[in-house]
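Reading the structure
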Amino acid sequence: MTVKIDTERVFNLIEEKRPSRIVINAPGGLLLQTMDLMKAVERKYGVQCVLVGDSCFGICDTVDNEVEKLGATMALHIGHNATVQTVGDYTYLVDAKDDVKFETVVQRSIPMLSKYKRIGLATFSQHLDELEPVKRQLEGAGFEVYLGRKNSLLLASQTFGCDFSTVFENTEKVDAFCYLGQSEFHAVGVALATGKPTFLLDPYMEEMRDMRAEAEERQKRAILAVYKALDARVFGVVTGLKEGQIMTARSKWITGRLEANGKKVVQLAIRDITPDRLAQYTHVEAFVQTACPRISIDGYTFKKPVLSIPQADALVGLLEGREIKDFLHRPKWIELVVGQIPRAQVVVSR
Ligand code: SF4
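In this report, the structure presented in the accompanying data block is examined. Because the structure is a prediction, the values reported are computed rather than measured.

1. Focus on the site of the ligand
Taken together, F57, G58, C60, G161, C162, Q245, C292, R294 and L336 form the complete shell of residues around the ligand. When its residues are assigned to classes, the shell around the ligand shows 5 nonpolar, 3 polar and 1 charged.

2. Side note on the pairing of strand β13 (residues 234-240)
For β13, a buried count of 7 out of 7 residues is recorded, marking the element as mostly surrounded by other parts of the structure. The side-chain alternation of β13 yields two buried faces, one formed by V234, G236, V238 and G240 and the other by F235, V237 and T239. Note: β13 against strand β14 (residues 264-270), 7 bridges, orientation parallel. If you follow V238 over to β14, its bridge partner there is L268. Handedness of the crossover joining β13 and β14 through helix α9 (residues 248-260): right-handed. Relative to strand β15 (residues 286-289), β13 runs parallel, the two being bridged by 4 bridges. Counterpart to V238 in the pairing with β15 is Q289.

3. Some details on the sheet that holds strand β6 (residues 91-94)
Spatially, the 5 strands line up as an open sheet ordered β3-β2-β4-β6-β5, and their pairing is mixed. Sheet topology places β3 (48-51) and β5 (86-87) at the edges, where each strand pairs with a single neighbour. Across the sheet, helix α1 (residues 7-17) touches β2 (21-25), β4 (74-78) and β6, and the angle it forms with β6 is around 155 degrees.

4. Examining the sheet that holds β13
Across the sheet, 4 strands lie side by side as β14-β13-β15-β16; this open sheet has parallel pairing. Looking along the sheet, the strands with just one partner apiece sit at the ends: β14 and β16 (306-307). Seen against the sheet, α9 touches β13, β14 and β15 and runs at an angle of roughly 170 degrees to β13.

5. Re the pattern of salt bridges
Once their charged atoms are close, side chains differing in charge can pair, the charge on each being opposite to the other. Per the counting criterion, the structure on display carries 29 salt bridges. A salt bridge links D99 to K4; its shortest N-O distance comes to 3.8 Å. Pair noted here: D99 is in the loop between β7 (96-98) and α4 (103-113) and K4 is in strand β1 (residues 3-5), with a separation of 95 residues, a long-range link. The partly exposed category is assigned to D99, whose relative accessible area is 32%.

6. Things to note about the packing of α4 against helix α5 (residues 131-140)
At a closest axis distance of 10 Å, the pairing of α4 and α5 adopts a crossing angle of 40 degrees. Here α4 is positioned oblique relative to α5, judged by the angle of their axes. The two elements α4 and α5 meet at a crossing, and its hand is right-handed. Residues E103, V106, Q107, I110 and L113 of α4 lie in contact with α5, whose contacting residues are V134, Q137 and L138.

Rules behind the numbers
Residues numbered from 1 in each chain as written. Predicted model: local features only at pLDDT ≥ 70, side-chain atom pairs only at ≥ 80, totals over all residues. Heavy atoms only, no water. Near = heavy atom within 4 Å. Nonpolar A, V, L, I, M, F, W, Y, C, P; charged D, E, K, R; others polar. Buried < 20%, exposed > 50% of the residue type's maximum accessible area, 1.4 Å probe, protein only. Helix = DSSP H or I, 4+ residues; strand = E, 2+ residues; numbered from the N terminus. Pairing = 2+ DSSP bridges. Right-handed = clockwise from strand over helix to strand, strands pointing away. Contact = heavy atoms within 4.5 Å. Axes fitted to C-alpha atoms, helices over the stretch in contact; angles between N-to-C directions. Salt bridge = Lys/Arg side-chain N within 4 Å of Asp/Glu carboxyl O. Parallel < 35°, antiparallel > 145°, perpendicular 65-115°, else oblique. Left-handed = near helix turned anticlockwise from the far one by under 90°.

Below is the structure:
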């Protein structure tokens, strides 16, 4: 039961591209394995690796822009895979897979799932290989099982914390979703985006957890923040500076709508949008941030409303006399730009 980085891919890339120096980043949970990988690369190829220590939560947190600044010729982004294999000019995505099996937790969950006939499966990068075995096991127990279709960014049934487009398509076909893994964060996202009962199948605790109460709680908070922002006179519209989250067009559109509705707007750009960073803008009464939507939907520590893109859309609707609808029910909460950046022809030499 360990998460293993795809070292073979890294070695093959180094042999093919012959980088002079490598920039690496990885999510917090994979830092030890990543540092082992760096040592292995340095030992085997004599190539220096630099680990970027800024926060790394998702596939949007690539560090392509740091490569030239750090005198490197390649970047490796560990632990978040997708349909695309490369990002920007220098970055290669490298898988990290968890070899934990789901057989026991699925077996234990079957009696509790029995009132649902049609089950949709979803998971995140590390457990994608387990989708087919779980599907077969559930089908063997009499369920109809649906996987989400691969698309231009996500692999089959894969979700990110802000993009549920693969499984969203199955919303009407299924009675409930099962999310493979230990990540309540991802499972709650599916529950909120689809509005369907969603259960986390945790292979480590060997238990099934119902995500409905958590999803409902977050939804209530998200709605409350929209209504609180309604009376604000001065807004901060924050564009995120992380590579995969830069939504300048959305920031401009939202600014335009707020101003058209009599609000004053100050435009900000921030890499890590935290309560501390926002606290210094004392004259701002509410924020809209067009970066990671989960900062708003899961971030309970902000003192003022901090709206994500779907919440901002709902706010604009209210200001313009439309009803607030199920604004979180959508396939994506943000249009990540990962993989949309054209890759330049880079000649890398040692
Ligand atoms: S923007 Fe999406 S992929 Fe990036 S950290 Fe947030 S939820 Fe994850």
